[in-house]
Amino acid sequence: MSRHPVALAVAGLLACAAPAHAQDPGARIINPDGAITVPYQVALAQRTLDGDGNVAVFCGGTVRDAAHVITAAHCLEGETTDAPGEFLVVAGLFQRSDPSVAQVVEVAAITTHPAYRGADTGNDFGILTLAEPLRLTPGAVPFDPPGTVGALAVGAAGGNPVGRALISGWGDVDPDQDNAVQPDPLVGAIVDLNADCSAYGPAFIATTMLCAGRRNLDGTVTDTCQGDSGGPLARINPQQNGVVDLAGIVSFGNGCAQAGFPGIYTRVANPDINARLRQSDPPARAVMLAPPAIDAHDVAVGATLTCNPGRWSSAPVFSALWLRAPLAPNGQPDTSRIEVVSDRPQIVLRPEDEGSLFACEVRATNAGGSLTALSGGIGPVQPARAGGAQPGAGAGTPVAVGADLSVPTSSFTRRSCRRRTCRLTLKVDDLGGVAGTRVRAGAVRVSGCPTGRKGRKCRRPRTLSARDVAPGVFEIVARGLEPARYRFSATAVDAAGNAQARAAVVTLTVRKTKARA
Ligand code: 4AZ
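Just so it is clear, the model here is predicted, and its values are computed rather than measured. (Residues numbered from 1 in each chain as written. Predicted model: local features only at pLDDT ≥ 70, side-chain atom pairs only at ≥ 80, totals over all residues. Heavy atoms only, no water.)

1. As for the overall build of the protein chain
Next, step 1: Helices and strands together make up the secondary structure of the protein chain, namely 3 helices and 30 strands.
Next, step 2: Total accessible area on the protein chain stands at roughly 22600 Å², and carbon and sulfur atoms take up 52% of it. (Helix = DSSP H or I, 4+ residues; strand = E, 2+ residues; numbered from the N terminus. Areas by Shrake-Rupley, 256 points an atom, 1.4 Å probe, with all protein chains shown as cover.)

Put into structure tokens, the structure is as follows:
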């Protein structure tokens, strides 16, 4: 095969895979096979180094050609603007601690599918057009073309492995470890294509998604995890012991390395996805230049509110959603009662709107993708004015422009208990932005406490601190837990004081530690 650097790297990995694995039965998640060089692999990294001085890799990607990188759309969901300049592409990186060998390039444009609405709905892919071409060196090798893999073109829930593939990335290697959630070197592992994703039920969309993973003889599971997203699932040709084409893009899963839930990848061989990934000149998704705003002369019953989409690059098609929230006694919007009241660009305030606050959410769509952004809030809506609404009559009305009306949501993306310590990762999302978000977290023991007054102390909820480890990502650690079941809960509160409507909850078991030999 002419792309010998790739072939060699994988051949080396295959040669050492079995012994490395046999020596390390505790390895799981992504790295039973060890550190490797994968010259088509790139990192998407924050512009600043992480707390340890390493490259802050948040996603992976694949070099398509000198000017383009393939990744996952969900890696490219910015808060609002999603300006390409918010992150960098790092090619030829091996150790996160040593970027000296790498090429670091800016992104000029982002392309996603116009119908993409979240990884779980499919079409989780994106193309980055680089601001300057990569130097194609042995450390940065294109993986072109994205393959149309015969057997994989047909969607199937899986359970019928059709070959093997190489996964690679700097994502989480072991949620049980205290530190070093991300490995320093790039790590890789071999998984089976078309693993059994039937446990996902209809959430696994076989036409646009591909199932891959591996259950090992020792009971461990090989899988990708958070931070590997966007990276390659590269099909291995057993005759050549090398990778031949890109079969998938790391997309999502039910946790990581959970038995019965292999990883879900974007199916590169889907004809529509494949054609889009091959576009020689991918159309650029719009970038927000000025945020949406509400145009109004007055904020009283009878007045007209217009959702002004703001300013965007290119000329996207806009759609709008109007959100209404009642005013809570504390003068803030009652975000637990937000309703979508209209999908038109303009609304006329009605008597039942009196006292409420409004915001509009704009979706901007073009051939290069689709993005949403939220306006500031306006209100509270005043009673109808005698003689009808008059332009300018609202001069003295309280208009809370800029209020953030969106409620945060959150979910636990990782949780594990080891010995007497449980660690949980909470991911917070908020259309209004996650900056300044705080998290209230706690745990309560739900098994093994004496009933009645005697168990009162045992059942007393404990407050846990949530450490902000990345934008919108919080780590919660509870130590010194007795063996029992515990219910953990977390509520996110954004900078404007909007509290998550329903707490994220998960129940975990702390097991008795086995006596050591
Ligand atoms: C993630 O959060 C993620 N086990 C990526 C891959 C998988 C799960 C989660 C697959 O980016």
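2. Some points on the sheet that holds strand β20 (residues 346-348)
Next, step 1: Across the sheet, 3 strands lie side by side as β15-β16-β20; this open sheet has antiparallel pairing. The strands lining the two open edges of the sheet, one partner per strand, are β15 (293-295) and β20. Adjacent strand axes in the sheet meet at a mean angle of 25° when their direction is disregarded. (Pairing = 2+ DSSP bridges. Axes fitted to C-alpha atoms, helices over the stretch in contact; angles between N-to-C directions.)

3. Side note on the site of the ligand
Next, step 1: Lining the immediate environment of the ligand, one finds His74, Asp223, Thr224, Cys225, Gln226, Ser229, Val250, Phe252, Gly253, Gly255, Cys256 and Gly263.
Next, step 2: Here aspartate 223 contributes a side-chain N or O atom positioned 2.7 Å from a nitrogen atom of the ligand.
Next, step 3: Threonine 224 is positioned such that a nitrogen or oxygen atom in its backbone is 2.8 Å from a nitrogen atom of the ligand.
Next, step 4: Burial of the ligand by the protein amounts to 86% of the accessible area it has alone, namely 300 Å².
Next, step 5: Counted by class, the shell around the ligand contains 4 nonpolar, 7 polar and 1 charged residues. (Near = heavy atom within 4 Å. Polar contact = N/O pair within 3.5 Å; in protein donor to acceptor, adjacent residues only side chain to side chain. Nonpolar A, V, L, I, M, F, W, Y, C, P; charged D, E, K, R; others polar.)

4. Quick word on the packing of aromatic side chains
Given two aromatic rings, their pairing is described by the distance between the two centres and the angle made by the two planes.
Next, step 1: In total, this model carries 4 aromatic pairs according to the counting rule given.
Next, step 2: Taken together, a centroid distance of 5.0 Å and an interplanar angle of 85° make the contact between tyrosine 200 and phenylalanine 261 edge-to-face. Placement of tyrosine 200 in the loop between β8 (187-193) and β9 (209-215) and of phenylalanine 261 in the loop between β12 (242-252) and β13 (263-267) is noted, with a sequence separation of 61 residues between them.
Next, step 3: Taking relative accessible area as the criterion, tyrosine 200 reaches 11% and is therefore assigned buried. (Phe/Tyr/Trp six-rings, centres within 6.5 Å; stacked < 30°, edge-to-face > 60°. Buried < 20%, exposed > 50% of the residue type's maximum accessible area, 1.4 Å probe, protein only.)

5. Here's the deal with the nonpolar core
Nonpolar side chains in soluble globular proteins generally cluster together in the buried interior.
Next, step 1: Of all hydrophobic cores here, the largest spans 44 residues; its most connected members are Leu44, Val89, Leu93, Leu128, Leu166 and Leu277.
Next, step 2: With residues up to four places along the chain from it excluded, the contact list for valine 89 reads Val42, Ala43, Leu44, Val69, Gln103, Val104, Val105, Val107, Leu128 and Leu130.
Next, step 3: Val434, Ala443, Ile476 and Val510 belong to the second largest nonpolar core, which has 23 residues in total. (Core = buried A, V, L, I, M, F, W, Y, C linked by side-chain atoms within 4.5 Å. Contact = heavy atoms within 4.5 Å.)

6. Details of unusual backbone geometry
Next, step 1: Geometrically, the link from glycine 379 to proline 380 is a cis peptide bond, its omega value of 0° lying close to zero.
Next, step 2: Unusually for a residue other than glycine, alanine 257 sits at a positive phi of about 55°.
Next, step 3: By secondary structure assignment, the location of alanine 257 is in the loop between β12 and β13.
Next, step 4: When its relative accessible area of 12% is taken as the criterion, alanine 257 is described as buried.

7. Digging into the sheet that holds strand β27 (residues 466-470)
Next, step 1: Read across the sheet, 4 strands follow the order β23-β24-β28-β27 without closing on themselves; strand pairing throughout is antiparallel. Because the sheet does not close on itself, it has two edges, and the strands there are β23 (409-418) and β27. Neighbour to neighbour, the strand axes of the sheet diverge by 25° on average, direction disregarded.
Next, step 2: Relative to strand β28 (residues 473-478), strand β24 (residues 421-429) is paired through 6 bridges, and the arrangement is antiparallel. Note on β28: the bridge partner recorded for threonine 425 is glutamate 475.

8. Regarding the confidence of the model for the protein chain
Next, step 1: Residues of the protein chain with pLDDT of at least 70 account for 83%, and the chain-wide mean is 83.
Next, step 2: Within the protein chain, β20 carries the highest mean pLDDT (97), whereas helix α1 (residues 4-23) carries the lowest (30).
Next, step 3: Within the model, pLDDT remains below 50 along residues 153-157, and this stretch shows 17 contacts once partners closer than five positions in the same chain are excluded.
Next, step 4: Ignoring residues within four places in sequence, the model shows residues 391-402, a span with pLDDT below 50, making 22 contacts including any to other chains. (pLDDT = per-residue confidence, 0-100.)

9. A few points about the state of the cysteines
Next, step 1: A complete count under the given rule lists 6 disulfides for this structure.
Next, step 2: In this model cysteine 449 forms its disulfide with cysteine 458; the gap between the sulfur atoms is 1.9 Å. Measuring handedness by torsion sign, the sulfur bridge of cysteine 449 and cysteine 458 sits at about -75° and is left-handed.
Next, step 3: On the basis of relative accessible area, cysteine 458 is assigned to the partly exposed category, the value being 25%.
Next, step 4: If you count the bonded cysteines of the protein chain from the N-terminus, they pair up as 1-2, 3-4, 5-6, 7-8, 9-10, 11-12. (Disulfide = S-S within 2.5 Å.)

10. Some points on a positive patch on the surface
Next, step 1: On the surface, Arg453, Arg456, Lys457, Arg459 and Arg460 cluster together to form a positively charged patch.
Next, step 2: Looking at the secondary structure, you find arginine 459 in helix α3 (residues 456-459).
Next, step 3: Residue arginine 459 is classed as partly exposed on the basis of its relative accessible area, which comes to 34%. (Patch = residues over 30% accessible without salt bridge, like charges linked within 9 Å, V, L, I, M, F, W, Y side chains within 5 Å. Salt bridge = Lys/Arg side-chain N within 4 Å of Asp/Glu carboxyl O. Lys, Arg positive; Asp, Glu negative; His and termini not counted. Charge placed at Lys NZ, Arg CZ, Asp CG, Glu CD.)

11. A few points about the environment of glycine 171
Next, step 1: By secondary structure assignment, the location of glycine 171 is in the loop between β7 (164-169) and β8.
Next, step 2: Judged by its relative accessible area of 0%, glycine 171 is buried.
Next, step 3: Separated by 12 residues in the primary sequence, glycine 171 and proline 183 place their C-alpha atoms 7.2 Å from one another.
Next, step 4: The residues contacting glycine 171, other than those within four sequence positions of it, are Val181, Gln182, Pro183, Gln226, Gly227 and Asp228.

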